[in-house]
Amino acid sequence: QKEVEQNSGPLSVPEGAIASLNCTYSDRGSQSFFWYRQYSGKSPELIMSIYSNGDKEDGRFTAQLNKASQYVSLLIRDSQPSDSATYLCAVIAAGYSTLTFGKGTMLLVSP
Amino acid sequence: GAVVSQHPSRVICKSGTSVKIECRSLDFQATTMFWYRQFPKKSLMLMATSNEGSKATYEQGVEKDKFLINHASLTLSTLTVTSAHPEDSSFYICSARPSGGQEAFFGQGTRLTVV
């Protein structure tokens, strides 16, 4: 059974703070991990992909992967109100070509 | 990033009619495209995987005769909702993966309302 778990939130942070979003997955053989952002009424937008253990940084975003703990996270530095959205964690399990999505975490950044 | 265009963005149709939704990868070739539906405040639900030149693979519980998928070229997949009913009203979203790649990019989505 492929499962991706996320806290539904909402996660509330003040503007300028660091937002930390977490995700765990069940299939130990998973190799590809993604974070998508989805604004209300819109389709998901890919913001980060990560394939190996450690950190990957892109602007204000840092993805962290720990395969031993089956855990992937997304840090958003200097959070802005425009970052308020639902963040979806997605995983490609071993032997599959499809994405398995978590239910998403709603992030609210207050001015 | 890669661009996926989905059309139409919004459609209203009468119950019993069919609606076709197009999904195009604009700047890359996609051997595989995916179709999702999403109800309000719910998570994405994968409906089917569309493979260029072959039959689509449908997820359990998705009626293949109702949701017709055609992936005739490396840049175009279509989803036709046949004999639509009000319960088919939803947000339909396609995504495409560049050939040989792992990342998948989403179209803008189509909001279907059946009246």
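Residues numbered from 1 in each chain as written. Chains lettered and ligands numbered in written order. Predicted model: local features only at pLDDT ≥ 70, side-chain atom pairs only at ≥ 80, totals over all residues. Heavy atoms only, no water.

S.K.: Hey, could you run me through the overall build of chain A in this one?
M.R.: Counting its regular elements, chain A contains 0 helices and 11 strands. Each helix and strand of chain A, ordered N terminal to C terminal, gives the series β-β-β-β-β-β-β-β-β-β-β. Principal-axis analysis of the C-alpha atoms gives chain A an extent of 45 × 30 × 20 Å. Taken over 111 residues, chain A has a buried fraction of 47%. The long-range fraction of contacts in chain A, counting pairs at least 24 apart against all pairs at least 6 apart in sequence, stands at 55%. By element, 49% of the accessible surface of chain A is carried by carbon and sulfur atoms, the whole surface being about 5,200 Å². Within chain A, one finds 9 positive and 10 negative side-chain charges whose respective centroids are separated by 5 Å. (Helix = DSSP H or I, 4+ residues; strand = E, 2+ residues; numbered from the N terminus. Buried < 20%, exposed > 50% of the residue type's maximum accessible area, 1.4 Å probe, protein only. Contact = heavy atoms within 4.5 Å. Areas by Shrake-Rupley, 256 points an atom, 1.4 Å probe, with all protein chains shown as cover. Lys, Arg positive; Asp, Glu negative; His and termini not counted. Charge placed at Lys NZ, Arg CZ, Asp CG, Glu CD.)

S.K.: Could you clarify how one ought to interpret the pattern of salt bridges in this entry?
M.R.: Opposite charge on two side chains makes pairing possible when the charged atoms of those side chains draw close. All names here are of chain A. The tally for this structure, following the rule as stated, stands at 5 salt bridges over all chains. Residues Arg-77 and Glu-57 are paired through a salt bridge, measuring 3.5 Å at the closest nitrogen-oxygen approach. A residue pair is termed long-range when its members are at least 10 positions apart, and Arg-77 in the loop between β8 (71–76) and β9 (85–92) and Glu-57 in strand β6 (residues 54–58) qualify at 20 residues. Classification of Arg-77 as partly exposed rests on a relative accessible area of 26%. Exposure remark for Glu-57: the relative accessible area of 60% places this residue in the exposed category. In this structure, the salt-bridge partner of Arg-60 is Asp-83, at a minimum N-O distance of 2.9 Å. Here Arg-60, found in the loop between β6 and β7 (61–66), pairs with Asp-83, found in the loop between β8 and β9; they are 23 residues apart in sequence, far enough to count as distant. Residue Arg-60 is classed as partly exposed on the basis of its relative accessible area, which comes to 28%. (Salt bridge = Lys/Arg side-chain N within 4 Å of Asp/Glu carboxyl O.)

S.K.: Would you mind showing me how to read the side chain of Gln6(B) here?
M.R.: Residue and element names in this part refer to chain B. One can find Gln-6 in strand β1 (residues 4–7). A distance of 3.1 Å separates a polar side-chain atom of Gln-6 from the backbone nitrogen of Gly-109. Looking at Gln-6, its side chain comes within polar contact range of the side chain of Thr-110, at 3.0 Å. Excluding residues within four positions of it along the chain, Gln-6 makes contact with Ile-21, Glu-22, Cys-23, Trp-35, Tyr-92, Ile-93, Cys-94, Gly-107, Gln-108, Gly-109 and Thr-110. (Polar contact = N/O pair within 3.5 Å; in protein donor to acceptor, adjacent residues only side chain to side chain.)

S.K.: Just checking my understanding: could you explain the interface of chain B and chain A for this structure?
M.R.: Size of an interface: often given as the accessible area lost when the parts come together. Listed per partner, the contact involves 19 residues of chain B and 19 residues of chain A. Considering only the side of chain B, the residues that lose the most area to chain A are Gln102(B), Glu103(B) and Phe106(B), jointly responsible for 33% of the buried surface there. Applying the counting rule to chain B against chain A returns 7 residue pairs in polar contact (both at pLDDT 80 or more). Looking at the side of chain B that touches chain A, the elements with two or more residues in it are β4 (32–38), β5 (45–51), β9 (90–97) and β10 (105–106) of chain B. Broken down by class, the residue content of the side of chain B that touches chain A amounts to 9 nonpolar, 7 polar and 3 charged. (Buried area = accessible area lost by both parts, 1.4 Å probe. Nonpolar A, V, L, I, M, F, W, Y, C, P; charged D, E, K, R; others polar.)

S.K.: Any chance you could explain the sheet that holds β1(B) here in plain terms?
M.R.: Note on sheets: strands pair through backbone hydrogen bonds, and any given pair is parallel or antiparallel. Residue and element names in this part refer to chain B. Here we have 4 strands laid out as an open sheet, ordered β1-β3-β8-β7, and antiparallel in their pairing. Where the open sheet ends on each side, the last strands, each with one partner, are β1 and β7 (67–73). Averaged over all adjacent pairs, the angle separating strand axes in this sheet is 15°, with direction ignored. For strand β3 (residues 19–25) and strand β8 (residues 76–81), the ladder comprises 6 bridges, and the chain directions are antiparallel. Looking at the pairing, Cys-23 lines up with Ser-77 of β8. (Pairing = 2+ DSSP bridges. Axes fitted to C-alpha atoms, helices over the stretch in contact; angles between N-to-C directions.)

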